[in-house]
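# Understanding the architecture of this molecule
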Amino acid sequence: MRRVMSTFALGRMQVRRSGYGAMQLAGQFAFGPPPDRAAAIGVLRTAAAAGVDHIDTAQYYGSGVVNDLIHDALYPYPDGLAIVSKVAVRRDDAGAVLPFDDPDQLRKGIEDNLRSLRVGQLAAVNLRLPGDGRVGARFDDQLAAMVAARDDGLIAGVGLSNISVEQLRHAVAGTEIVCVQNLFHLADRRAAALLEECLSRGIAFVPFCPLGWPRGQQNPVLTSPVVIETAARLGITSAQVALQWLLQLAPNVLLIPGTGSVAHLRENLAAEGVALDEQALRQLDAVAPWPEDAPRSLGLGDAQSPCGRPAWLHDV
């Protein structure tokens, strides 16, 4: 049974692998004020007190609401706290998500984050892409804007979100990338090749929606009979099963599960300390297939690879 590393590099900073995603502190659909502002402040302060040193946010969460909450709860910020944001979209007055991804708009988005958080520099900012996976002149222009912001000291590191392997390889050929955020969880492993690419390059991989999406009865992770049965057998919660499964995949995985509940926050952070035995790993790995288009070097389907998982997962 493997024990995961407790920290990993996020650019120049070494952070705890269990962080916190602040999106759910806003109102419904991540828009407007929270239903209970004092409770939201309490979640952030509990996270900091518990040693969370990686908080994920965005100016368009709210809009502006979540960044204001982070400032009001934690300023002056603890030493070593990595606040990571993202740019390339905005919300209109009705809450609709709109593109905001021209190079000058990316710069404005970064400056808006700095202003609302009252910081001079962010640990990293992710360029959130539309998910088409394309490499072209526009992508290069967007990258150039992010690099300029880093060179000007506004951000310490450039991150990418919702990208393809091709986009990552293109980006790292020209500049340093410190983190990648893509959808990845127990029931959706389409980004497995991207995770492997990040691991090989020492880049932090930050899966969003680590507990599955959508929420509620349609959630493919927390409603999975295998997850529920595993949790009951091991005496832990379904969320802890799903989060520990991600943590044990590779040492560069950084988690940012979101919640507006102190109890759920503590439950999520406690996932670091639980263990999944070989029976659990075997059954959980069978919940969803590893993607067929993953590189051959991953060893998918290899008879020597237990549970049919990529061979590289057994070498870390």
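Keep in mind that what you see is a predicted model, and the values were worked out from it rather than measured.

Basis of the calculations
- Residues numbered from 1 in each chain as written.
- Predicted model: local features only at pLDDT ≥ 70, side-chain atom pairs only at ≥ 80, totals over all residues.
- Heavy atoms only, no water.
- Helix = DSSP H or I, 4+ residues; strand = E, 2+ residues; numbered from the N terminus.
- Rg over C-alpha atoms; globule rule 2.2 N^0.38 Å.
- Buried < 20%, exposed > 50% of the residue type's maximum accessible area, 1.4 Å probe, protein only.
- Contact = heavy atoms within 4.5 Å.
- Areas by Shrake-Rupley, 256 points an atom, 1.4 Å probe, with all protein chains shown as cover.
- Pairing = 2+ DSSP bridges.
- Axes fitted to C-alpha atoms, helices over the stretch in contact; angles between N-to-C directions.
- Parallel < 35°, antiparallel > 145°, perpendicular 65-115°, else oblique.
- Left-handed = near helix turned anticlockwise from the far one by under 90°.
- Salt bridge = Lys/Arg side-chain N within 4 Å of Asp/Glu carboxyl O.
- Phe/Tyr/Trp six-rings, centres within 6.5 Å; stacked < 30°, edge-to-face > 60°.
- 1 Å grid on protein atoms, 1.4 Å probe; cavity = no way out; pocket = protein on both sides within 12 Å on 5 of 7 lines; lining within 4 Å.
- Points joined across faces, edges and corners; volume = space filled by probe spheres on them.
- Nonpolar A, V, L, I, M, F, W, Y, C, P; charged D, E, K, R; others polar.
- Right-handed = clockwise from strand over helix to strand, strands pointing away.

If you tally the helices and strands in the chain, you get ten helices and eleven strands. A compact globule built from 316 residues would reach a C-alpha radius of gyration of about 20 Å, and the chain, at 19 Å, matches this within 12%. The buried share among the 316 residues of the chain stands at 54%. At a minimum sequence separation of 6, the contacts of the chain that also span at least 24 residues come to 72%. Carbon and sulfur atoms form 52% of the exposed surface of the chain, whose accessible area is close to 13,600 Å².

Let's shift gears to unusual backbone geometry. The linkage connecting glycine 62 with the following residue, serine 63, adopts the cis geometry, with an omega of -5 degrees. The phi angle at alanine 88 is positive, at roughly 115 degrees, despite the residue not being glycine. Among the structural elements, alanine 88 can be located in the loop between strand S5 (82–87) and strand S6 (89–91). At asparagine 162, a residue that is not glycine, the phi angle is positive and equals roughly 65 degrees. Position of asparagine 162 among the secondary structure elements: in the loop between strand S9 (158–161) and helix H5 (165–172).

Turning next to the pairing of strand S2 (residues 13–16). Consecutive residues of a regular strand have side chains that alternate between opposite faces of the sheet. Bridge count for strand S1 (residues 7–10) against S2 is four bridges, and the pairing is antiparallel. Within S2, the position partnered with alanine 9 by the bridge is glutamine 14.

Let us look at the packing of helix H1 (residues 37–49) against helix H2 (residues 65–74). For any two helices packed against each other, one specifies the inter-axial angle together with the distance between the axes. Between H1 and H2, whose axes approach to 9 Å, the crossing angle comes to 60 degrees. In terms of their interaxial angle, H1 and H2 are classed as oblique. As for the relative orientation of H1 and H2, their crossing is right-handed in sense. Along its contact with H1, which presents Arg37, Ala40, Ile41, Leu44, Arg45 and Ala48, the element H2 presents Leu69, Ile70, Asp72, Ala73 and Leu74.

We now examine the pattern of salt bridges. On inspection of all chains with the given rule, the structure shows 16 salt bridges. Put simply, lysine 86 and aspartate 56 hold a salt bridge, and the shortest N to O gap is 2.8 Å. Here the residue lysine 86 occupies a position in strand S5, and aspartate 56 occupies one in strand S4 (residues 54–56), the gap between them amounting to 30 residues. With a relative accessible area of 3%, aspartate 56 lands in the buried category. Residue aspartate 101 pairs with arginine 138 through a salt bridge whose shortest N-O separation is 2.7 Å. Taken together, the residues span a long stretch of sequence, with aspartate 101 in the loop between strand S7 (97–99) and helix H3 (103–117) and arginine 138 in helix H4 (residues 137–151) at a distance of 37 residues. Judged by relative accessible area, arginine 138 falls into the partly exposed class, the value being 41%. Three or more residues joined by partner-sharing salt bridges are found here, namely Asp101, Asp102 and Arg138.

Applying the stated rule across the entire model yields five aromatic pairs. Where tyrosine 60 meets tyrosine 61, the ring centres are 5.2 Å apart and the plane angle is 75 degrees; that geometry is what we call edge-to-face. Considered together, tyrosine 60 and tyrosine 61 belong to a single accessibility category, that of buried residues. Judged by centre distance (5.9 Å) and plane angle (90 degrees), the rings of phenylalanine 184 and phenylalanine 205 are edge-to-face. On the criterion of sequence distance, the pair formed by phenylalanine 184 in the loop between strand S10 (179–183) and helix H6 (192–201) and phenylalanine 205 in strand S11 (residues 204–208) is long-range, its members being 21 residues apart. For the pair phenylalanine 184 and phenylalanine 205, one class covers both residues: buried.

Our focus in this paragraph is the layout of surface pockets. Approximately 1,200 Å³ is the volume found for the largest pocket. Taken together, 42 residues line the largest pocket, and the ones lying closest to its centre are Met23, Gln24, Cys209, Trp213 and Arg215. Per-element tally for the lining of the largest pocket: the top contributor is helix H9 (residues 262–269), with three residues. Of the residues assigned to the lining of the largest pocket, the class counts are 20 nonpolar, 16 polar and six charged.

Bringing the pairing of S10 into the picture now. With four of five residues buried, S10 is to be regarded as a mostly interior element. Where S9 meets S10, three bridges bridge the pair, whose relative direction is parallel. Residue pairing in the sheet places leucine 160 in a bridge with valine 180 of S10. For the segment spanning S9, H5 and S10, crossover handedness is right-handed. Inspection of the sheet shows S10 paired to S11 by five bridges, in the parallel sense. In the sheet register, valine 180 faces S11, and the bridge partner there is phenylalanine 205. Read as a crossover between parallel neighbours, the route from S10 over H6 to S11 is right-handed.

That's the geometry; what it means functionally is another story.
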